[in-house]
Amino acid sequence: MYVNGVFIDDTFAEAFPMRAARIVVTAVNERWAREAALKLTGFATSVIACKCEAAIERELEPRETPDARPGVSVLLFAMDTESLGKRLVERIGQTVLTCPTTSCFDGLPDADRRLTSGRALRVFGDGFQGSKVVGGDRFWRIPVMDGECLLQESFGVAKGIGGGNFIILGADTRRTLAAAEASVAAIANMPGIILPFPGGVARSGSKVGSRRYKSLAASTNDAYCPTLRPLTSSSLPDDVHSVLELVLDGLDEQSIQRAMRAGISAACLPGVRAITAGNYGGKLGPHHFPLRSIVGAHADGGARA
Amino acid sequence: MSDHVTLTLRAPLEASIEADSIVPNAFASLGEPEIGALPVWAGRTRCALADFFDISGGRSSNVRVVGDVRHAHGIATGMAGGSLVVDGDAGSRLAGGITGGVVEVLGDAGDDAGAAMSGGSLRIRRNAGDRVGAGLPGASRGMTGGEIVVGGSVGADAGARMRRGLLFVGGDAGRLAARAIIAGTVIVIGRVGPEPAFASKRGSLVVAGGVNVPPTYRHACDYEPPHVRLALTYLARQYELSLGRELVEGRYRRYCGDASTVGKGEILTWIQE
């Protein structure tokens, strides 16, 4: 199968269950909402070493936020609910609470399972904190030096999916990166999706474990490193000299499918030879995203253009 | 089963009646005859609802009361769910002790509206009497949850001894507003009468139209309280209130008190700029 002359590999992306929270940060203006969100999502590319994966989902208009201020929606994923709760307390406490003028709200109000992260953080108020119930939800007022920080008491937990992915095989770094950028742009602002790696793109795709260092949980995906073509059992065609990966975390399968479809279609640019995906033979996770059925409607009909 | 139950007052009430049997969630399992047989007290005389109202519909928790029922007291007492619309004025003790559901009065309400409520919402389009959202006589607590939105003005003791919840007044409030509140929020867009938030322990009295802050409250700072912005935004969206941006986004002067108690309460007065 080809899309715009780009070969779509007959394989699937393999993803696994995670737990997710949506955090809505508002501030006096877009700048400060974004500053807080950037810190909140810092060092959160992969659960392998960061304990969570997080990124900005989209920016919010004042009409979309609880306090009618500019906001940013962030999705944060962890492997289990307990870990998610710890990450929320750490990150909201150190980034949103510290950032001038911000307030922090739950973005999953319908979720049954709740984490009382705001309640845990209230004690920073050293007994001077207070709470308010508005619209049935409790919010903590924590006195800070610019006034008060308002934190919602509880955050909803969703059953998310981590590790959706596709891999762009290109003729050179410049054009492969351009394709990845186009992909990221196509996925940006889609609801329920984040791309946790820098700029949405990962170059250090990994395999489970290590051939040489037994203590490593993950090591370089040598089969996709062009410089190792003659040294390992390479998966790269001869005309591929650069590879980049997009990793997607989503709130549900539909969100990931929609984002993969848009991202793969956008990535099929001149200089891109093929699109493939990472999987572990179905042993890692229950969520499988077959590339060809996802992009089916956009295909060229099976012939190279 | 019908979409809603309509109670139409047959003739103007010449004397007060106790109509605490008009409770929407109780109507959900009753047909027309059973609803009509519910007790209503006229002084010491036990009557039936059908003696005063034409009843149409049954087995629904959505109820509409049509007619001037300002002499019918205790409507929606203890209501736990459903909806009730009073198509005119309502008597005293409306929605006392409700735990859920939505009550709306298109006209005025008497004294003690929403007294001791713990959930649900009560909306009064025009004015309410004394002790809206306060407690029952002798009780240590006023409302402990839910929301009351009054479009007009309210009498004395609004929100007295409130423990939790939100009371919004679009007009003025009488004397002793937010008296001895334990927590919760009272927002008054108009003026507030003498002795506001007297002896309050915690909780917030937010005033936009002017108030004489008692000497037992001490000025803390002028700032933009995020919880006021949140509450006003919520009220504007939920109840389609037109609150000016200057109130929602404005600065407020915070006074801490009442110093005669634990002093963790506050009066926030809007700063007109």
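Nothing here was measured: the structure is a model prediction, and the numbers come from that model.

## Quick look at the overall build of chain B
Point 1. Each helix and strand counted, chain B has 4 helices and 17 strands in total.
Point 2. Compactness check: chain B gives a C-alpha radius of gyration of 19 Å against a globular reference of 19 Å for 273 residues, within 12% of the reference.
Point 3. With the principal axes as the frame, chain B shows a C-alpha extent of 60 × 35 × 30 Å.
Point 4. Buried residues in chain B amount to 55% of all 273 residues.

## Regarding the interface of chain B and chain A
Point 1. Counting residues at the interface gives 16 residues for chain B, matched by 14 residues for chain A.
Point 2. Within the residue set of the side of chain B that touches chain A, elements represented by two or more residues are strand S12 (164-169) and helix H3 (226-238) of chain B.
Point 3. Looking at which element gives the most residues to the side of chain B that touches chain A, the answer is H3 of chain B, with 8 residues.
Point 4. Each residue belonging to the side of chain B that touches chain A can be placed in one class, and the counts come to 8 nonpolar, 4 polar and 4 charged.

## Re the domain arrangement of chain B
Residues and elements named next belong to chain B.
Point 1. Here the domain parsing of chain B yields domain 1 (1-61) and domain 2 (74-270).
Point 2. A straight line from the C-alpha centre of domain 1 to that of domain 2 covers 30 Å.
Point 3. Tallying the contact residues gives 9 residues for domain 1 and 12 residues for domain 2.
Point 4. By residue class, the composition of the side of domain 1 that touches domain 2 is 5 nonpolar, 2 polar and 2 charged.

## Section: the domain arrangement of chain A
Residue and element names in this part refer to chain A.
Point 1. Domain annotation of chain A identifies domain 1 (2-14 + 161-298) and domain 2 (18-158).
Point 2. Computed from C-alpha coordinates alone, the two centres of domain 1 and domain 2 are separated by 30 Å.
Point 3. At the interface, 11 residues of domain 1 touch 13 residues of domain 2.
Point 4. Taken together, the residues of the side of domain 1 that touches domain 2 break down into 8 nonpolar, 2 polar and 1 charged.

## A closer look at the packing of helix H5 (residues 173-187) of chain A against helix H6 (residues 253-267) of chain A
Residues and elements named next belong to chain A.
Point 1. Between H5 and H6, whose axes approach to 7 Å, the crossing angle comes to 145°. Classified by chirality, the crossing of H6 by H5 is right-handed. Mapping the contact onto sequence places Ala-179, Ala-180, Ala-182, Ser-183, Ala-185, Ala-186 and Ile-187 in H5 and Ala-259, Ala-262, Gly-263, Ala-266 and Ala-267 in H6.

## Notes on the pairing of strand S5 (residues 53-56) of chain B
Residue and element names in this part refer to chain B.
Point 1. Burial along S5 is one-sided: Phe-53 and Ile-55 are buried, and none of Asp-54 and Ser-56, which face the opposite way, are.
Point 2. Both strand S1 (residues 5-9) and S5 contribute to a ladder of 4 bridges, which runs antiparallel. Paired with Thr-6 across the bridge in S5 is Ser-56.

## Considering the nonpolar core
Point 1. Judged by nonpolar contacts, the single largest core of 164 residues is most densely connected at Val-25 of chain A together with Val-186 of chain B.
Point 2. The leading source of residues in this core is strand S3 (residues 12-26) of chain A, at 8 residues.
Point 3. What Val-186 of chain B contacts, discounting residues up to four positions off in sequence, is Ala-158, Gly-159, Met-162, Leu-167, Ala-177, Ala-178, Ile-181, Leu-205 and Val-206 of chain B.

## Let's talk about the packing of helix H1 (residues 30-40) of chain A against helix H3 (residues 81-96) of chain A
Residues and elements named next belong to chain A.
Point 1. For the pair H1 and H3, interaxial distance at closest approach is 9 Å and the crossing angle is 140°. Taken together, the axis directions place H1 and H3 in an arrangement best described as oblique. By crossing handedness, the relation of H1 to H3 is classed as right-handed. Contact residues: H1 offers Ala-36, Lys-39 and Leu-40, while H3 offers Arg-91, Thr-95 and Val-96.
Point 2. Here the residues of the contact of H1 with H3 sort into 3 nonpolar, 1 polar and 2 charged.

## Re the confidence of the model for chain B
The predicted coordinates should not be examined in detail at positions where pLDDT is low.
Point 1. Model confidence for chain B is summarised by a mean pLDDT of 97, while 100% of its residues fall at 70 or above.
Point 2. Here the complex is predicted with pTM 0.95, and the ipTM for its interfaces comes to 0.95.

## Description of H6 of chain A
Point 1. Compared with the 21 Å implied by 1.5 Å per residue over 15 residues, the 21 Å span of H6 of chain A between its first and last C-alpha is a close match.
Point 2. Within the sequence span of H6 of chain A, burial applies to Ser-255, Ile-256, Ala-259, Met-260, Arg-261, Gly-263, Ile-264, Ser-265 and Ala-267 of chain A.

Each value, and the rule that gives it
Residues numbered from 1 in each chain as written. Chains lettered and ligands numbered in written order. Predicted model: local features only at pLDDT ≥ 70, side-chain atom pairs only at ≥ 80, totals over all residues. Helix = DSSP H or I, 4+ residues; strand = E, 2+ residues; numbered from the N terminus. Rg over C-alpha atoms; globule rule 2.2 N^0.38 Å. Buried ≥ 20, exposed ≤ 12 C-beta atoms within 10 Å, placed from the backbone. Contact = placed C-beta atoms within 7 Å. Nonpolar A, V, L, I, M, F, W, Y, C, P; charged D, E, K, R; others polar. Domains from an automatic or database assignment. Axes fitted to C-alpha atoms, helices over the stretch in contact; angles between N-to-C directions. Left-handed = near helix turned anticlockwise from the far one by under 90°. Pairing = 2+ DSSP bridges. Core = buried A, V, L, I, M, F, W, Y, C linked by C-beta atoms within 7 Å. Parallel < 35°, antiparallel > 145°, perpendicular 65-115°, else oblique. pLDDT = per-residue confidence, 0-100. Expected span 1.5 Å × (residues − 1).

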